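# A structural walkthrough
Single-letter residue listing:
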Amino acid sequence: MINLASRDIAHGFGRYLLTGLGLGLLIGVTLSMAGIYRGMVDDAKALLESWQADIWVVQQHTLGPFAESSSLHDDVYRGLRGMPGVAEAGNVTFLTMQVKRERSEVRVMISGFEPGRPGEPTLLTAGRPVTRSHYEAIADVKTGFNVGDRIRIRRNEYTVVGLTRRMVSSSGDPMVFIPLKDAQQAQFLKDNEAIRNDRSRLAANPALNRPGVPGLLDAVEANQFSNRNVNAVLVRVQPGWDRQLVAENIKRWKYLQAYTGEEMEEVLVGKMIATAARQIAVFLVILALVSAAIVALIIYTMTLAKIKEIAVLKLIGTRNATIAGMILQEALGLGLIGFVIGKLLATLWGPHFPRYVVLLTEDAVRGFIVTMVICTIASILGIRAALRVDPAAAIGG
Amino acid sequence: MDTQAVQPAILLEGLRKTYGTGPAAVEALKGVDMAVYPGEVVGLIGPSGSGKTTLLKCLGAVIEPTAGRITLGGEVIYEHGWKIRDLRALRRDRIGFIFQAPYLIPFLNATDNVALLPMLAGVSNAHARQRALEMLTALDVAHRGAAQVAELSGGEQQRVSIARALANKPPIILADEPTAPLDSQRALTVVTILNQLAREYRTAIIVVTHDEKIIPTFKRIYHIRDGRTVEQQGEGREVVAAANA
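Each chain carries its own residue numbering, running from 1 in the direction its sequence is written. Throughout, the order in which chains and ligands are written sets their labels, letters from A for the former and numbers from 1 for the latter. For a predicted model such as this one, the threshold for reporting local features is a pLDDT of at least 70, and the threshold for listing and counting side-chain atom pairs is 80 or more; totals across whole chains, interfaces and linings nevertheless cover every residue.

For chain B, the count of helices and strands is 7 helices and 10 strands. Throughout, radius of gyration means the C-alpha value; the globule benchmark is 2.2 Å times the number of residues raised to the power 0.38. Since a compact globule built from 245 residues should have a radius of gyration of about 18 Å, the 18 Å found for chain B is in line with a globular shape. Taken along its principal axes, the extent of the C-alpha atoms in chain B is 50 × 40 × 40 Å. Classification of the 245 residues of chain B by burial places 47% in the buried group. For chain B, long-range pairs separated by at least 24 residues make up 70% of all intrachain contacts whose partners lie at least 6 apart in sequence. Helix numbers and strand numbers start at the N terminus; a helix is a DSSP run of H or I with at least 4 residues, a strand a run of E with at least 2. Three classes are used. A residue is buried when 20 or more other C-beta atoms lie within 10 Å of its own, exposed when 12 or fewer do, and partly exposed in between, with C-beta atoms placed from the backbone. What counts as a contact here is a pair of residues whose C-beta atoms, placed from the backbone, lie within 7 Å.

Structure representation (structure tokens):
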């Protein structure tokens, strides 16, 4: 028996292919959206893994530096180092800002760290670690910076001495690592006019500028124009110690919040990325509906264009199942072409996305099945129209 | 033809068809009687709205008559309802259709358009194509077998559509104004072909037509008017004159 669907497709292959291309673009976007979600999860895990922290200590009753504002005194780490089971502790700060390089600007997350302590980026792809106390930086490759580049953070210039990769914040901003003191300064650094204005205001405040209390004004100024806070302390536990137990001890005795690496991953993936994941899920549903509507309309239009031929086919004794099969095969063929083009496009444009896109085979398989199901459902409209065709329509005008 | 000695291929007795019910009912056929014998080409003429197409649809088993009897090759297929369950198979195996326009399947080539019918009847692809080639040869279009429908001229398309109607060698062919889109020469050629095929395959052919060019070629004509048939025998030319009178 002749395969009517393949003949019909071959007859108008150009138009069919163009339709498949259109559908492929939609499927490509859908696969990329799924890839972006996977990339976000993967980025979050990679970020936490690269810090190699067993425990994240943050301000009490907060979810940590990524999800909520967290502020700790920068000497807290000393006390933590003395606790049982703690091998190392290091301060870290986080600050999202625009960084200038020559005439361009890049949005980055600045992380302050103490060289040699937890928080220092260890996986370098180029250059060397930070060795000086000030004005050296390590940047994620996504920033576009190169080793030797001079970048401007607030009023100071930094030299990029090393590059790392897969270090991006949950919002996708690539990270730049600078020494802790510089980062603390950058968080609160004001312009000269603002500092002069603040000093004048303090000097004009009789409560802070008492003639009978010499040094009070200086002390207030020193306190106000400096920053002794960090956002988190990263802790590594000694071999053989249960990190959950060490975290519990920190919470109990230091009145701080302590998360194990797994718990911090849960905060990042389960809470921060959850909203983005829901957005992507809604987009995926919308795209699926749009794809279904497009396939349904195309198949329906293709069927309507063949109404007279279908009437003739039915009149000369073609089974309804044969005609329905032809329409279904055309819809599935469209889905197959669309999926192949979509997968190809998603693979090609994936690396050019500003975010890390992970195209998993299992997602592709899922996408293929969903595409085929959508095409099957979408073909119902065309099949219904074909089955309603009266063979009598072939006779007469 | 000695019509008394041969069983009719098509026999219609008191065939009625009413569309709708109640006051809006329209009686398209009001008791049609007709007999067509194997190897005979019969003309069916009448003004627009007289019931020609309705009669063809009833005969083609695509609409159900309201009353009467249809007998094909001695087998009653309609009397107080269809007597055959699989009307699709009836149309496929026992009735060939030729339409006003060729209505070929545009995505199949000429051979496959013809071969499709035997294939639908379960004939193997090779045998179906062989049979298609025979029919195309009989209609002198075998050399265009590989051509797509769009590449065929109007006359070639009509020949292919006739070959398709004959592909399952049905005892009956219903032709609905098969010469309407053709010029006089081609129209007469088609009628000649139908006559040849009717003789060769012993096929009973009913040709519904308005075409005065071909009416004179029929030996027997049924004139349908207001849903009733009047058989007119003799030379078609006389029939036309009588009808015009």
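Okay, the packing of helix 5 (residues 192–204) of chain A against helix 6 (residues 216–224) of chain A next. All names here are of chain A. Convention adopted: a line fitted to C-alpha atoms gives each axis, helices being fitted over their contacting stretch, and angles between N-to-C directions are expressed from 0 to 180 degrees. At a minimum axis separation of 11 Å, helix 5 and helix 6 run at an interaxial angle of 145 degrees. When you trace helix 5 past helix 6, the crossing you get is right-handed. Residues Asp-198, Arg-199, Leu-202 and Ala-203 of helix 5 lie in contact with helix 6, whose contacting residues are Leu-217, Val-220, Glu-221 and Gln-224. Under the scheme applied here, ten amino acids are nonpolar (Ala, Val, Leu, Ile, Met, Phe, Trp, Tyr, Cys and Pro), four are charged (Asp, Glu, Lys and Arg), and all others, including Gly, are polar. Residues that form the contact of helix 5 with helix 6 fall into these classes: 4 nonpolar, 1 polar and 3 charged. Each helix crossing is assigned a hand: it is left-handed if the near helix lies turned anticlockwise from the far helix by less than a right angle, otherwise right-handed if that turn is clockwise.

Attention now goes to the domain arrangement of chain A. Residue and element names in this part refer to chain A. What the domain assignment lists for chain A is domain 1 (4–43 + 272–394) and domain 2 (60–190 + 225–255). Marked domain ranges trace back to an automatic or database domain assignment. Relative to domain 2, the C-alpha centre of domain 1 lies at a distance of 47 Å. Listed per partner, the contact involves 6 residues of domain 1 and 6 residues of domain 2. Taken together, the residues of the side of domain 1 that touches domain 2 break down into 4 nonpolar, no polar and 2 charged.

As a further point, take the environment of Ala-305 of chain A. Inspection of the secondary structure puts Ala-305 of chain A in the loop between helix 8 (261–304) and helix 9 (307–315). The sequence separation of Ala-305 of chain A and Gly-172 of chain A amounts to 133 residues, and the corresponding C-alpha distance is 48 Å.

Each partner contributes to the interface: chain A provides 18 residues, whereas chain B provides 23 residues. At the level of elements, helix 1 (4–11) and helix 9 of chain A are the ones that each hand at least two residues to the side of chain A that touches chain B. The biggest single contributor to the side of chain A that touches chain B is helix 9 of chain A, with 4 residues. Taken together, the residues of the side of chain A that touches chain B sort by class into 9 nonpolar, 4 polar and 5 charged.

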